[in-house]
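Each chain is listed here by its residues.
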Amino acid sequence: NATPVLRLDPPDEALREALFDRLFLRRGIDARPELIHWLLARVERNHLAVIRTVDALEQAAFEHRKRLSIPFARTTLSAAGLITEHRNKPDDLTQ
């Protein structure tokens, strides 16, 4: 008897963008499209990384009473070890 094997590929960019949008919206967090595009270029390509990223940003924004921005996300996620550098687009000027 062969056991069926299910293989899940990493989510593509459109799915990751939808996951970020949905998670931020469900938590009532204002995440601008520029921030989400910045995150897409830097966060690992898996569901868990997206969830951990949103968790970390939500907690930090609450603790510091700050709105989300790219500089705030860079500082927060670098400290949490969730991003290390720009992963996909080396010509991005918002790095």
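These notes cover the structure that comes with them.

### Structural notes on the overall build of the protein chain
Helices and strands together make up the secondary structure of the protein chain, namely four helices and zero strands. Listed N to C, the secondary structure of the protein chain is α-α-α-α in terms of helices and strands. At a minimum sequence separation of 6, the contacts of the protein chain that also span at least 24 residues come to 65%.

### Considerations on the side chain of Arg16
With respect to the helices and strands, the residue Arg16 is situated in helix α1 (residues 13–26). The charged side chain of Arg16 is buried without a salt bridge, its nearest counter-charge being Glu13 at 5.1 Å. The contacts of Arg16, once residues within four sequence positions are left out, are Pro11, Leu39, Leu40, Val43, Glu44, Arg45 and Val50.

### Comments concerning the packing of helix α2 (residues 33–40) against helix α4 (residues 70–79)
It is the contact of α2 with α4, at a shortest axis distance of 10 Å, that shows an interaxial angle of 35°. In this structure, α2 crosses over α4, and the sense of that crossing is right-handed. Contacts from Glu34, Leu35, Trp38 and Leu39 of α2 reach α4 at Ile70, Ala73, Arg74 and Leu77. For the contact of α2 with α4, a count of residues per class yields six nonpolar, no polar and two charged.

### Focus: the environment of Val50
Here Val50 shows up in helix α3 (residues 47–64). Along the primary structure Val50 and Leu40 are separated by ten residues, whereas in three dimensions their C-alpha atoms are 9.0 Å apart.

### Describing the environment of Arg52
Looking at the element boundaries, Arg52 is found in helix α3. The sequence separation of Arg52 and Ala80 amounts to 28 residues, and the corresponding C-alpha distance is 9.7 Å.

Procedures and definitions
Counting from 1, residues in each chain are numbered in the order their sequence is written. For a predicted model such as this one, the threshold for reporting local features is a pLDDT of at least 70, and the threshold for listing and counting side-chain atom pairs is 80 or more; totals across whole chains, interfaces and linings nevertheless cover every residue. Side-chain figures throughout are based on the complete set of non-hydrogen atoms in the structure, without hydrogens or water. Starting at the N terminus, helices and strands are each numbered in turn, a helix being any DSSP run of H or I of at least four residues and a strand any DSSP run of E of at least two. Contact criterion: two residues are considered in contact whenever any of their non-hydrogen atoms come within 4.5 Å of each other. Residue exposure (1.4 Å probe, protein chains only): buried if accessible area is under 20% of the type maximum, exposed if over 50%, otherwise partly exposed. Working convention for charge: Lys and Arg count positive, Asp and Glu count negative, and His plus the chain ends are omitted. One speaks of a salt bridge when a side-chain nitrogen belonging to Lys or Arg is within 4 Å of a carboxyl oxygen belonging to Asp or Glu. With axes taken as lines fitted to C-alpha atoms, and helix axes fitted only over the stretch in contact, angles between N-to-C directions fall between 0 and 180 degrees. Handedness of a crossing follows from how the near helix is turned relative to the far one, being left-handed for an anticlockwise turn of less than a right angle and right-handed for a clockwise one. For this classification, the nonpolar set comprises Ala, Val, Leu, Ile, Met, Phe, Trp, Tyr, Cys and Pro, the charged set comprises Asp, Glu, Lys and Arg, and every other residue, Gly included, is treated as polar.

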